[in-house]
Amino acid sequence: MNRLFHFPLSPFSRKVRLTLAEKRIEVELVEERYWEPNQDFLRRNPAGKVPVLRLNNRVLSESQAICEYLEETVPNPPLFPRSPDERFEVRRLCAWFDDKFHHEVTSKLLYERVNKKIMGLGYPDSKNVKSGAQKIKYHLDYMGWLLDQRRWLAGDLMTLADFAAAAHLSCLDYISDVDWNRAANVRDWYAKIKSRPSFRSLLADQVPGFPPPRHYADLDF
Ligand SMILES: N[C@@H](CCC(=O)N[C@@H](CS)C(=O)NCC(=O)O)C(=O)O
């Protein structure tokens with residue numbers, strides 16, 4: 001049985017879930033409390049991070065490496081364009097969201113408000129929350145600027161870059177930390193992604209103690 005060891009509000013897990021669903025690869029989702037000691041989990045991924053995918057008896061970790069492996073082994077539907085220049089742009093933007101956005105926004109808002117509580121690490125640090133709330137504005141503006149020139153973030157096709165971005169933003173939307181009124185084209189982009197069948201399982205996620213706001217699963221938010 002193929003399995004994805006994940007955590008519902010892990011953006012990296014979400015990127016892989018979206019890729020698997022787009023490519024219609026069925027997996028059983030196994031929730032992993034990665035912060036608790038677990039030898040089995042460390043054997044699967046010595047880095048101690050989710051997501052980990054068990055696929056046809058292979059154990060795969062690192063979300064970008066997993067998604068690129070899936071792209072190569074199950075090419076349809078493609079989540080990368082053909083030309084090296086366009087593929088470069090997809091990879092650049094995946095790194096933008098998984099490195100820069102993650103460091104400046106996701107870790108400052110989601111990890112402070114939710115992960116700390118779940119892991120028993122105390123209260124949010126208000127300095128970090130303030131910084132994340134400030135920085136997300138710049139990222140939404142950057143996305144708006146990209147979408148002024150392109151239909152999707154990396155070009156005229158929907159790609160893994162859109163899923164990387166949507167994975168982070170959907171986690172933040174779960175805690176109402178995205179101002180969708182800031183840029184109409186970003187809101188329209190998210191509405192398009194959110195209405196894809198691959199997004200359904202993300203919209204059904206529930207984290208005990210943190211009920212999502214009503215708009216989170218609403219396609220007409
Ligand atoms: N580069 C990794 C990052 C994965 C990651 O940081 N996952 C977080 C959960 S969102 C985690 O497992 N953190 C545990 C840790 O850093 O020890 C990937 O893309 O898979």
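The structure presented is a predicted model; accordingly, all values stated were derived computationally and were not measured.

## Quick notes on the side chain of Lys194
Phase 1: If you trace the backbone, Lys194 turns up in helix α7 (residues 184-194).
Phase 2: Apart from the residues lying within four places of it in its own chain, the contact partners of Lys194 are Asp173, Phe199, Leu203, His215, Tyr216, Ala217, Asp218, Leu219 and Phe221.

## Some words on the packing of helix α5 (residues 126-149) against helix α6 (residues 160-174)
Phase 1: Relative to each other, α5 and α6 sit at 140°, their axes nearing to 13 Å. It follows from the interaxial angle that α5 and α6 lie oblique. Regarding α5 and α6, the two cross each other, and that crossing is left-handed. Contacts between α5 and α6 involve Ile136, Leu140 and Met143 from the first element and Ala165, Leu169 and Leu172 from the second.

## As for the site of the ligand
Phase 1: Taken together, Ser10, Pro11, Phe12, Tyr34, Gly48, Lys49, Val50, Pro51, Glu62, Ser63 and Tyr111 form the complete shell of residues around the ligand.
Phase 2: Contacts to the ligand include Glu62, whose side-chain N or O atom sits 2.8 Å from a nitrogen atom.
Phase 3: Interatomic distance of 2.6 Å between a side-chain N/O atom of Ser63 and an oxygen atom of the ligand.
Phase 4: When isolated, the ligand has an accessible area of 500 Å², and the protein chains bury 75% of it.

## A closer look at α5
Phase 1: Over its 24 residues, α5 extends 36 Å from the first C-alpha to the last, a length consistent with the 34 Å expected when each residue adds 1.5 Å.
Phase 2: Regarding α5, its N-cap is Asp125, as a side-chain oxygen of that residue lies 2.8 Å from the backbone nitrogen of Lys127 further along.

## Things to note about the domain arrangement of the chain
Phase 1: According to the domain assignment, the chain contains domain 1 (3-73) and domain 2 (84-204).
Phase 2: If you average the C-alpha positions of domain 1 and of domain 2, the two centres end up 20 Å apart.
Phase 3: Counting residues at the interface gives 20 residues for domain 1, matched by 25 residues for domain 2.
Phase 4: When domain 1 packs against domain 2, close to 2,000 Å² is buried across both sides, 66% of that on carbon and sulfur atoms.
Phase 5: Interface area lost by domain 1 to domain 2 is led by Leu9, Arg14 and Leu18, which between them contribute 33%.
Phase 6: Summed over the shared surface of domain 1 and domain 2, the number is three salt bridges.
Phase 7: Arg196 serves as the salt-bridge partner of Glu22, at 2.7 Å between the closest nitrogen and oxygen.
Phase 8: At the junction of domain 1 with domain 2, the criterion picks out seven residue pairs in polar contact (both at pLDDT 80 or more).

## Here's the deal with the sheet that holds strand β3 (residues 52-55)
For sheets, the rule is that strands pair by backbone hydrogen bonds, running either parallel or antiparallel.
Phase 1: Here we have four strands laid out as an open sheet, ordered β2-β1-β3-β4, and mixed in their pairing. In this open sheet, the two edge strands, each paired with only one partner strand, are β2 (28-31) and β4 (58-61). Recorded for the sheet is a direction-independent mean angle of 20° between the axes of neighbouring strands.
Phase 2: Running at roughly 155° to strand β1 (residues 3-6), helix α1 (residues 11-22) makes contact with β1, β2 and β3 of the sheet.
Phase 3: Seen against the sheet, helix α3 (residues 63-73) touches β3 and β4 and runs at an angle of roughly 125° to β4.

## A look at the environment of Arg91
Phase 1: Inspection of the secondary structure assignment puts Arg91 in helix α4 (residues 84-118).
Phase 2: What makes Arg91 partly exposed here is its relative accessible area of 35%.
Phase 3: In sequence terms Arg91 and Thr159 are 68 residues apart; their C-alpha atoms lie 9.8 Å from each other.
Phase 4: Residues in contact with Arg91, not counting those within four places in the same chain, are Glu68 and Phe80.

## Some points on the UniProt feature "domain: GST N-terminal" (unreviewed entry) in the chain
Phase 1: UniProt records the feature "domain: GST N-terminal" (unreviewed entry) for residues 1-78 in the present numbering.
Phase 2: The span residues 1-78 is 37% helix and 21% strand, and its two end C-alpha atoms sit 24 Å from each other.

## Considerations on the nonpolar core
Soluble globular proteins tend to bury their nonpolar side chains together.
Phase 1: With 66 residues, the main nonpolar core has Met143, Leu153, Leu169, Leu172 and Trp189 as its most contacted residues.
Phase 2: Of the residues forming this core, the biggest block, eleven residues, is contributed by α4.
Phase 3: When residues of this core are assigned to domains, at least three map to each of domain 1 (3-73) and domain 2 (84-204).
Phase 4: Excluding anything up to four places from it in sequence, Leu169 contacts Phe101, Ile136, Leu140, Met143, Val178, Trp180 and Trp189.

## Let's talk about unusual backbone geometry
Phase 1: In this structure, Pro51 follows Val50 across a cis peptide bond, with omega equal to 5°.
Phase 2: Among the structural elements, Pro51 can be located in the loop between α2 (39-44) and β3.
Phase 3: A cis amide bond, omega -10°, links Asn76 with the succeeding residue Pro77.
Phase 4: As for its placement among the helices and strands, Pro77 is situated in the loop between α3 and α4.
Phase 5: Phi at Arg24 is positive, roughly 55°, even though this residue is not glycine.

Rules of the game
- Residues numbered from 1 in each chain as written.
- Predicted model: local features only at pLDDT ≥ 70, side-chain atom pairs only at ≥ 80, totals over all residues.
- Heavy atoms only, no water.
- Helix = DSSP H or I, 4+ residues; strand = E, 2+ residues; numbered from the N terminus.
- Contact = heavy atoms within 4.5 Å.
- Axes fitted to C-alpha atoms, helices over the stretch in contact; angles between N-to-C directions.
- Parallel < 35°, antiparallel > 145°, perpendicular 65-115°, else oblique.
- Left-handed = near helix turned anticlockwise from the far one by under 90°.
- Near = heavy atom within 4 Å.
- Polar contact = N/O pair within 3.5 Å; in protein donor to acceptor, adjacent residues only side chain to side chain.
- Areas by Shrake-Rupley, 256 points an atom, 1.4 Å probe, with all protein chains shown as cover.
- Expected span 1.5 Å × (residues − 1).
- Domains from an automatic or database assignment.
- Buried area = accessible area lost by both parts, 1.4 Å probe.
- Salt bridge = Lys/Arg side-chain N within 4 Å of Asp/Glu carboxyl O.
- Pairing = 2+ DSSP bridges.
- Buried < 20%, exposed > 50% of the residue type's maximum accessible area, 1.4 Å probe, protein only.
- UniProt positions renumbered as here; feature names shortened; annotations may be inferred.
- Core = buried A, V, L, I, M, F, W, Y, C linked by side-chain atoms within 4.5 Å.

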